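Coordinate analysis (summary)
So the chains spell out like this:
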Amino acid sequence: MSNATFELYEDNAGKWRWRLVHDNGNIIADSGQGYSTKRRARDGIKSVKTNAPDAVVEEHTVRELDDS
């Protein structure tokens, strides 16, 4: 059983967003952008579920990211 739930909501600007919320209330991830339709936001959730089930974790230092 999952310990997290995707929440789909409309923001104050009328854009659709999602966030992944753990049972303890902490936000694990969010869409990072507003979608023009609820369907596109649902597609974003589907993409995360499909494309990142076994995503690799890469570690970077702050310096490495600043040099990009």
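This report concerns the structure included in the present document.

**Some thoughts on the sheet that holds strand β3 (residues 27-30)**
Reading across from one edge, β1-β2-β3 is the order of the three strands in this open sheet, with antiparallel pairing throughout. Of all the strands in the sheet, the pair left with one neighbour each is β1 (4-10) and β3. The sheet shows a mean angle of 25 degrees between the axes of neighbouring strands, direction not considered. Examined bridge by bridge, β1 and strand β2 (residues 16-22) share seven bridges and lie antiparallel to one another. Note that in β2 the partner of glutamate 7 across the bridge is arginine 19.

Conventions and cut-offs
- Residues numbered from 1 in each chain as written.
- Predicted model: local features only at pLDDT ≥ 70, side-chain atom pairs only at ≥ 80, totals over all residues.
- Heavy atoms only, no water.
- Pairing = 2+ DSSP bridges.
- Helix = DSSP H or I, 4+ residues; strand = E, 2+ residues; numbered from the N terminus.
- Axes fitted to C-alpha atoms, helices over the stretch in contact; angles between N-to-C directions.

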